Amino acid sequence: MVRLLLVEDDPDIRRTLARGLGEHGATVVPVASAVEAIKAVSSERPDAVVLDLGLPDLDGSDVLALIRAGSDLPVVVATARDDEREIVRLLDAGADDYLIKPFSAAQVMARVRAVLRRATPVAQQDSRVVVGDLVVDPVSRTALLEDRELTLNRKEFDLLFALASRSGEVVTKRQLLAEVWQMPWGGADRTVDVHLSWLRRKLGETAAAPRYLVSVRGVGVKLVDPKGS
Ligand code: CA
């Protein structure tokens, strides 16, 4: 399931698009201003952003710059201006794709799926990883546990894949920050801890009673086959 942050100040467009995107299987977080959008990028942890450029408080391209300053979150900009120079400028400024108004929810979903595919590093595109009853597929970005699909956000999936693709090995938080969060110089270990606890919950386990995710105190974490092999 894709979690989409929809930034659109026009209430009619926002409502119609949010409903349409929901019908296409997305979880939509609708916001109406640049300030709300910036907040929601960190508080709502979306997989991608659909960003209207004409906002009441800040220009959308400033919002794009603020998002780009802190992350590589995929952003599709929505513009009413069919202006090639403007579009080129936005793509150069870090937009992943663009839509020209008016557009349908189906078009938005197609663009979002495409940018999410491109956001998956080539190194991850080889194949599925199977550990016990857990199957992680980096191409479709799906994870199955006992044949049941897990609902993971982008970072949770990346974290699971980073651990599953070298199952049995202890991976340090520093390595995970570098690989999953692109923060090679470290950062908050809390970030890793919080995502690990979310991932544990989704795998139906706890730190106290681990199955797949085993913490190695003072070192890091490893993903193991709970049936051991
Ligand atoms: Ca607008």
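What counts and what doesn't
- Residues numbered from 1 in each chain as written.
- Predicted model: local features only at pLDDT ≥ 70, side-chain atom pairs only at ≥ 80, totals over all residues.
- Heavy atoms only, no water.
- Pairing = 2+ DSSP bridges.
- Helix = DSSP H or I, 4+ residues; strand = E, 2+ residues; numbered from the N terminus.
- Axes fitted to C-alpha atoms, helices over the stretch in contact; angles between N-to-C directions.
- Contact = heavy atoms within 4.5 Å.
- Polar contact = N/O pair within 3.5 Å; in protein donor to acceptor, adjacent residues only side chain to side chain.
- Donors = N, O, S within 2.8 Å, 3.2 Å for Na, K, Ca; no water.
- Buried < 20%, exposed > 50% of the residue type's maximum accessible area, 1.4 Å probe, protein only.
- Core = buried A, V, L, I, M, F, W, Y, C linked by side-chain atoms within 4.5 Å.
- Domains from an automatic or database assignment.
- Buried area = accessible area lost by both parts, 1.4 Å probe.
- Salt bridge = Lys/Arg side-chain N within 4 Å of Asp/Glu carboxyl O.

Examining the sheet that holds strand S2 (residues 27–31)
By definition, the strands of a sheet pair up through backbone hydrogen bonds, in either a parallel or an antiparallel sense.
So, step 1. With parallel pairing, five strands are arranged side by side in an open sheet as S2-S1-S3-S4-S5. A strand with exactly one partner marks an edge of an open sheet, and here the two such strands are S2 and strand S5 (97–100). With direction set aside, neighbouring strand axes in the sheet form an average angle of 20°.
So, step 2. Summarising the sheet, strand S1 (residues 3–7) and strand S3 (residues 48–52) pair through four bridges and their orientation is parallel. Paired with leucine 5 across the strands is valine 49, a residue of S3.
So, step 3. Taken strand by strand, helix H5 (residues 105–119) contacts S1, S3, strand S4 (75–79) and S5, and its axis lies near 175° from that of S5.

Overview of the side chain of serine 61
So, step 1. Structurally, the position occupied by serine 61 is in helix H3 (residues 60–70).
So, step 2. Reaching out from serine 61, the side chain makes a polar contact with the side chain of aspartate 59 at a distance of 2.5 Å.
So, step 3. Discounting chain neighbours no more than four positions away, the residues touching serine 61 are Leu53, Arg89 and Leu90.

Details of the coordination of the calcium ion
So, step 1. Looking at the metal site, the calcium ion is ligated by Asp9 (OD), Asp52 (OD) and Gly54 (O), spaced 2.3 to 2.4 Å from it.
So, step 2. Expressed as a motif, the donor residue spacing for the calcium ion is D-x42-D-x1-G. One end of the pair, aspartate 9, is in the loop between S1 and helix H1 (11–23); the other, glycine 54, is in the loop between S3 and H3, with 45 residues separating them in the sequence.
So, step 3. Judged by relative accessible area, which is 39%, glycine 54 ranks as partly exposed.

A look at the nonpolar core
So, step 1. In terms of nonpolar packing, the biggest core is built from 28 residues, with Leu134, Leu160, Leu163, Leu176, Leu203 and Leu223 touching the most fellow members.
So, step 2. Every element with two or more residues in this core is listed here: strand S6 (129–131), strand S7 (134–137), strand S8 (142–145), helix H6 (154–164), helix H7 (173–180), helix H8 (189–202) and strand S12 (220–223).
So, step 3. If one sorts the elements of this core by residue count, H6 sits on top with seven residues.
So, step 4. Those residues within four positions of leucine 160 in sequence are excluded, and the remaining contacts are Leu134, Val136, Ala143, Leu150, Leu152, Leu199, Leu203 and Leu223.
So, step 5. Leu5, Ala40, Val49 and Val77 belong to the second-largest nonpolar core, a separate cluster that totals 20 residues.

Focus on the domain arrangement of the protein chain
So, step 1. The assigned domain composition of the protein chain is domain 1 (2–119) and domain 2 (123–223).
So, step 2. Taking the mean C-alpha position of each, domain 1 and domain 2 sit 28 Å from one another.
So, step 3. Contact residues are listed per partner, giving seven residues for domain 1 and seven residues for domain 2.
So, step 4. When the area that domain 1 buries against domain 2 is broken down by residue, the three leading residues are Arg45, Asp47 and Asp72, summing to 68%.
So, step 5. At the boundary of domain 1 with domain 2, the tally comes to one salt bridge.
So, step 6. Between arginine 45 and glutamate 156 there is a salt bridge, and its shortest N-O distance comes to 3.9 Å.
So, step 7. Where domain 1 touches domain 2, the interface holds one residue pair in polar contact (both at pLDDT 80 or more).

Re H6
So, step 1. Burial within H6 is extensive, with 10 of its 11 residues counted as buried.
So, step 2. Among the residues making up H6, those that are buried are Arg154, Glu156, Phe157, Asp158, Leu159, Leu160, Phe161, Ala162, Leu163 and Ala164.
So, step 3. Measuring from the side-chain oxygen of the N-cap residue of H6 to the backbone nitrogen of lysine 155 gives 3.1 Å; that N-cap residue is asparagine 153.

Considerations on the sheet that holds strand S11 (residues 213–216)
So, step 1. The three strands are arranged S10-S12-S11 in an open sheet whose pairing can be described as antiparallel. Since the sheet does not close on itself, it has two edges, and those belong to strand S10 (171–172) and S11, each with one partner.
So, step 2. Examined bridge by bridge, S10 and S12 share two bridges and lie antiparallel to one another. Its bridge partner lying in S12, valine 171 is registered against valine 221.

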